[in-house]
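Survey of secondary and tertiary structure
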Amino acid sequence: MTEKTALFSRPMPIAIFIIVAILLDQAIKVAVELWLPFEQMVPVVPMLALYRTYNYGVAFSMLSGMEGWFIVTMRLVVVAFVLWLWRRTPKDRFFAHLGYAMIIAGALGNLIDRLIFGYVIDYILFHTPTWSFAVFNLADSFITLGAGCIILDELLQMKKRDR
């Protein structure tokens, strides 16, 4: 039985996906900058609002006191590591390759903000009357969903080995 090659295990599809994802992320951030008031909640539906703010750190404002060059270098190291993992992963593992593509797209989308502005533009807020989640953006969502795809792939591989 031959192994099926996953779409994102090939360079061209992963490159196209990453470019489209980055363009979408950046287009939304431009719209947010143009039309969303700064640090004013704009309700969308219960528990979801738009809220433009700037993140000077990494995810959830961690490392916000660090120098910009350190954060840029760290993001580049993460992208290089994920590319290394992508190349080493068997070509039939669809969810792993999809996850790598999403993580790379998200990291590069936020890296572009960091290089242009010195911060990352965030705008999505989940909240209740007594609690709120960190403000995040589409690139952050790509990173989170990408990590979820990689975990799902590992779980599927464990199940396949148990057979």
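Remember, predicted model here, so these are calculated numbers, not experimental data.

1. Let's talk about a nonpolar patch on the surface
- Side chains of Met12, Ile16 and Val20 sit close together on the surface and give an oily, nonpolar patch of about 310 Å² of accessible area.
- Position of Ile16 relative to the elements: it lies in helix H1 (residues 11–35).

2. Details of the pattern of salt bridges
- What the rule picks out here adds up to five salt bridges.
- In this structure, Asp25 engages Lys29 in a salt bridge whose closest nitrogen and oxygen atoms are separated by 2.9 Å. In this pair, Asp25 and Lys29 are both assigned in helix H1, four residues apart and thus about one turn of the helix distant.
- Across the salt bridge formed by Glu154 and Arg93, the nearest N and O atoms sit 2.7 Å from each other. Highlighted residues: Glu154 in helix H4 (residues 138–162) and Arg93 in the loop between helix H2 (68–88) and helix H3 (94–117), separated in sequence by 61 residues.

3. So, the confidence of the model for the protein chain
- On average, residues of the protein chain carry a pLDDT of 90, and 91% of them reach 70 or more.
- Per-element confidence in the protein chain ranges from a low mean pLDDT of 85 for H2 to a high of 97 for H1.

4. Comments concerning unusual backbone geometry
- Even without being a glycine, Glu39 presents a positive backbone phi close to 50 degrees.
- Counting through the fold element by element, Glu39 comes out in the loop between H1 and strand S1 (42–45).
- Assessed through its relative accessible area of 41%, Glu39 is described here as partly exposed.
- With a phi close to 80 degrees, Met47 is a non-glycine residue in the positive phi region.
- Along the chain, Met47 falls in the loop between S1 and strand S2 (48–55).
- When its relative accessible area of 51% is taken as the criterion, Met47 is described as exposed.

5. As for the sheet that holds strand S3 (residues 120–126)
- Here we have three strands laid out as an open sheet, ordered S1-S2-S3, and antiparallel in their pairing. The open sheet is flanked by S1 and S3, the only strands paired with a single partner. The sheet shows a mean angle of 35 degrees between the axes of neighbouring strands, direction not considered.
- Bridge count for S2 against S3 is six bridges, and the pairing is antiparallel. Across the sheet, Leu48 pairs through a bridge with Phe126, a residue of S3.

6. Focus: H3
- For H3, with 24 residues, the first-to-last C-alpha span of 35 Å sits near the 34 Å given by 1.5 Å per residue.
- In terms of residue burial, H3 counts as a mostly covered element, since 17 of its 24 residues are buried.

7. Side note on the pairing of S2
- Judged from the three bridges that link them, S1 and S2 form a sheet pairing that is antiparallel. Bridge pairing in S2 links Pro43 to Ala49.
- Counting the residues between successive antiparallel strands, the hairpin from S1 to S2 contains two residues, one of them, Met47, with a positive phi of roughly 80 degrees.

8. Comments concerning the nonpolar core
- Counting 29 residues, the largest nonpolar core has Ile14, Ile18, Tyr100, Ile121, Tyr123 and Phe142 as the members making the most contacts within it.
- Every element with two or more residues in this core is listed here: H1, H2, H3, S3 and H4.
- With nine residues, H3 is the single largest residue contributor to this core.
- When near neighbours in sequence (up to four residues on either side) are disregarded, Tyr123 contacts Ile28, Lys29, Val32, Leu36, Ala49, Leu50, Tyr51, Arg52, Val135, Phe136, Asn137 and Leu138.

What counts as what
Residues numbered from 1 in each chain as written. Predicted model: local features only at pLDDT ≥ 70, side-chain atom pairs only at ≥ 80, totals over all residues. Heavy atoms only, no water. Patch = residues over 30% accessible without salt bridge, like charges linked within 9 Å, V, L, I, M, F, W, Y side chains within 5 Å. Areas by Shrake-Rupley, 256 points an atom, 1.4 Å probe, with all protein chains shown as cover. Salt bridge = Lys/Arg side-chain N within 4 Å of Asp/Glu carboxyl O. Helix = DSSP H or I, 4+ residues; strand = E, 2+ residues; numbered from the N terminus. pLDDT = per-residue confidence, 0-100. Buried < 20%, exposed > 50% of the residue type's maximum accessible area, 1.4 Å probe, protein only. Pairing = 2+ DSSP bridges. Axes fitted to C-alpha atoms, helices over the stretch in contact; angles between N-to-C directions. Expected span 1.5 Å × (residues − 1). Core = buried A, V, L, I, M, F, W, Y, C linked by side-chain atoms within 4.5 Å. Contact = heavy atoms within 4.5 Å.

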